[in-house]
Amino acid sequence: MENETYLSHSQFTTWLSCGEKYRLTKIVKVQEDPAWYFAGGTSVHAAADAIDHQLLKEAQA
Amino acid sequence: MSAVAYEAGLAAFRETLAEEEAKAPDGPWRAGGRATKAYPNKEDKAWWLAEGPTMVHNYYNWRQQNPNLDIWHTPEGVPAIELGIVVNLPGGVTLKSYIDRVFVDKATGQTMIVDLKTGKPPKAGLQLAVYRLALQQQFGEAPQYGAYWMGRQGTLDTVYNLDSYPLPMVERWMRDVKKAIDMQVFVPNITMMCDYCGVKKFCYAHGATEYAPDFASDLQEENQ
C-alpha cells in the first residue's frame, strides 16, 4: 500500500492528546493561534544550531 | 571555543524571533508559564526577549563544558544538527523526524540522541526512542542513550537507556496510531488543557459548528 501521509512524533502525540485537535490542525488545516512558546522555542533552536555550525566550521578550519 | 559561535547564536535567536512574530497568523498570542510581578502577561514576548538569550548562553556554556561530545555525522558526512530523516515502517507508516542532535562521545565512541527543550522536560523518553528508530532504519545507527537538554537549566535531564523502548514496540505504536488516523478516529479529549488549545475556537466539543463533522451521515453510512 502506498503511504498516504507522513507521521511524525509530534503528530503521534497530538493524536494521542486529542483526536479532534489532530483532525482540525492536520486534516482540516485550520490556523492555530500563535504562541510565544513556539516562537521562542524555535528561536532558541535556531541559536543552538548556529552555535554548533560555527563550532564545526572552526573545528574543520 | 569561540565567542564568534556565541554571537552567532544570539544573532540567530533575535532574527528568528522577529521572523516568527512577523509570519505568525492573526489571533491572540498564547503565553506559557505563570504571571509574575515582572511579567504580568506570563511568558510573553518581553519574557522571551529577556530569557531566550539566557538559554542561548546556557547552550553555549554546556557545549563548552562538554568537549568530549562531538556532533555525530551520517555515513554521507551530514552533521546531525536538525537532521531530517524520512523512513518507511511496517503498516504503511512513513515516519518523518527532525532530530535536534546526535552526539558521539570522543572517548567511548558511544552515540547519544539529544532533543532541546525550552519548557518542562517530557515525562518519558519515547520521543527519543522514535528518533532512535528513524536513525536505525536510515543509517543502521541505534544510539543506546538519549536525553532532553533543558534550556532553562542548561543541563541534560534524565539520560534514558533507550533499550527500555524496544524498536518493535515503537513501530507498533506508530502503526496503531496511523491505523486510527486512516480510519478517521478523531475523538475529542476534553480536559483542562483545552484552555490552552490554539484551535479551541474551531472545536465542536466546545460549541463551534463551522468545521464539525457531519455526524448524522457518518452514522447512517455505518448502519447501511
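Residues numbered from 1 in each chain as written. Chains lettered and ligands numbered in written order. Predicted model: local features only at pLDDT ≥ 70, side-chain atom pairs only at ≥ 80, totals over all residues. Heavy atoms only, no water.

Novice: Where do I start with the overall build of chain B in this structure?
Specialist: Broken down by element type, chain B carries five helices and six strands. Oriented by its inertia axes, the alpha-carbon framework of chain B measures out at about 65 × 50 × 30 Å. Each of the 224 residues in chain B was classed as buried or not, and the buried ones make up 42%. When the accessible surface of chain B is summed, it comes to about 12100 Å², and 51% of that surface belongs to carbon and sulfur atoms. In chain B, 22 positive and 27 negative side-chain charges are present, and the distance between their average locations comes to 5 Å. (Helix = DSSP H or I, 4+ residues; strand = E, 2+ residues; numbered from the N terminus. Buried < 20%, exposed > 50% of the residue type's maximum accessible area, 1.4 Å probe, protein only. Areas by Shrake-Rupley, 256 points an atom, 1.4 Å probe, with all protein chains shown as cover. Lys, Arg positive; Asp, Glu negative; His and termini not counted. Charge placed at Lys NZ, Arg CZ, Asp CG, Glu CD.)

Novice: I keep staring at helix α3 (residues 126–139) of chain B and nothing clicks. Help me out?
Specialist: The α-helix advances 3.6 residues per turn, and as a result positions three or four apart in sequence lie on the same side. Residues and elements named next belong to chain B. Along its 14 residues, α3 runs 20 Å from first to last C-alpha, staying within 8% of the 20 Å computed at 1.5 Å per residue. Burial within α3 is extensive, with 11 of its 14 residues counted as buried. Among all positions in α3, only L126, Q127, L128, A129, V130, Y131, R132, L133, A134, L135 and F139 are buried. Directly after α3, the chain includes G140, whose backbone phi takes a positive value near 70 degrees. (Expected span 1.5 Å × (residues − 1).)

Novice: Before we go on, may I ask you to explain the side chain of T111(B) in this structure?
Specialist: When you line up the elements, T111(B) lands in strand β4 (residues 111–117). Here E141(B) takes part through its side chain, which lies 2.7 Å from a polar atom of the side chain of T111(B). (Polar contact = N/O pair within 3.5 Å; in protein donor to acceptor, adjacent residues only side chain to side chain.)

Novice: For this particular structure, what's the right way to read the interface of chain A and chain B?
Specialist: Where interface size is quoted, it is often the accessible area lost as the parts come together. Listed by partner, the interface residues are 51 residues for chain A and 73 residues for chain B. Both sides together, the interface formed by chain A and chain B hides about 5600 Å², and carbon and sulfur atoms give 70% of it. When the area that chain A buries against chain B is broken down by residue, the three leading residues are L7(A), P34(A) and W36(A), summing to 15%. Linking chain A with chain B are five salt bridges. Close ionic contact of E32(A) with R30(B) constitutes a salt bridge, the shortest N to O distance being 3.5 Å. (Contact = heavy atoms within 4.5 Å. Buried area = accessible area lost by both parts, 1.4 Å probe. Salt bridge = Lys/Arg side-chain N within 4 Å of Asp/Glu carboxyl O.)

Novice: For this particular structure, what's the right way to read the confidence of the model for chain A?
Specialist: When pLDDT drops low, the exact placement of atoms in the prediction is not to be read closely. Taken as a whole, chain A shows an average pLDDT of 92; of its residues, 93% reach a score of 70 or greater. Averaged pLDDT values for the elements of chain A fall to 92 in strand β1 (residues 6–7) of chain A and rise to 97 in helix α3 (residues 36–60) of chain A. (pLDDT = per-residue confidence, 0-100.)

Novice: What should I look at first to understand the pairing of β4(B) in this one?
Specialist: If a strand is regular, its side chains alternate between the two faces of the sheet. Residue and element names in this part refer to chain B. Judged by how many residues are buried, β4 sits mostly within the fold: seven of seven residues are covered. Relative to β4, strand β3 (residues 93–105) runs antiparallel, the two sharing four bridges. From the neighbouring strand, F103 faces β4, where its bridge partner is M112. In this structure, the hairpin formed by β3 and β4 is closed by a connection of five residues, where G109 is found at a positive phi of approximately 80 degrees. Bridging between β4 and strand β5 (residues 145–150) involves six bridges; their strand directions are parallel. (Pairing = 2+ DSSP bridges.)

Novice: I keep staring at helix α2 (residues 45–65) of chain B and nothing clicks. Help me out?
Specialist: Residues and elements named next belong to chain B. Given a rise of 1.5 Å per residue, 21 residues ought to cover 30 Å, and the 30 Å separating the end C-alpha atoms of α2 matches this to within 8%. Taken as a whole, α2 carries its principal kink of about 30 degrees at E51; the proline P53 stands between one and four residues after it. Among all positions of α2, only W47, W48, G52, M55, V56, N58, Y59, Y60, W62 and R63 are buried. Of the residues that open α2, the one with a side-chain oxygen 3.3 Å from the backbone nitrogen of A46 is D44. (Bend = angle between axes of the 7 residues up to and from the residue.)

Novice: Is there a simple way to think about the pattern of salt bridges in this case?
Specialist: If the charged atoms of two oppositely charged side chains come close together, the side chains can form a pair. All names here are of chain B. If you walk through the whole model with that rule in mind, you get 17 salt bridges over all chains. Of the charged contacts in the structure, one is a salt bridge between R152 and E43, with a shortest N-O distance of 2.9 Å. Here E43 lies in the loop between α1 (3–23) and α2 and R152 lies in the loop between β5 and β6 (155–161), a separation of 109 residues in the sequence. We classify R152 as partly exposed; its relative accessible area is 35%.

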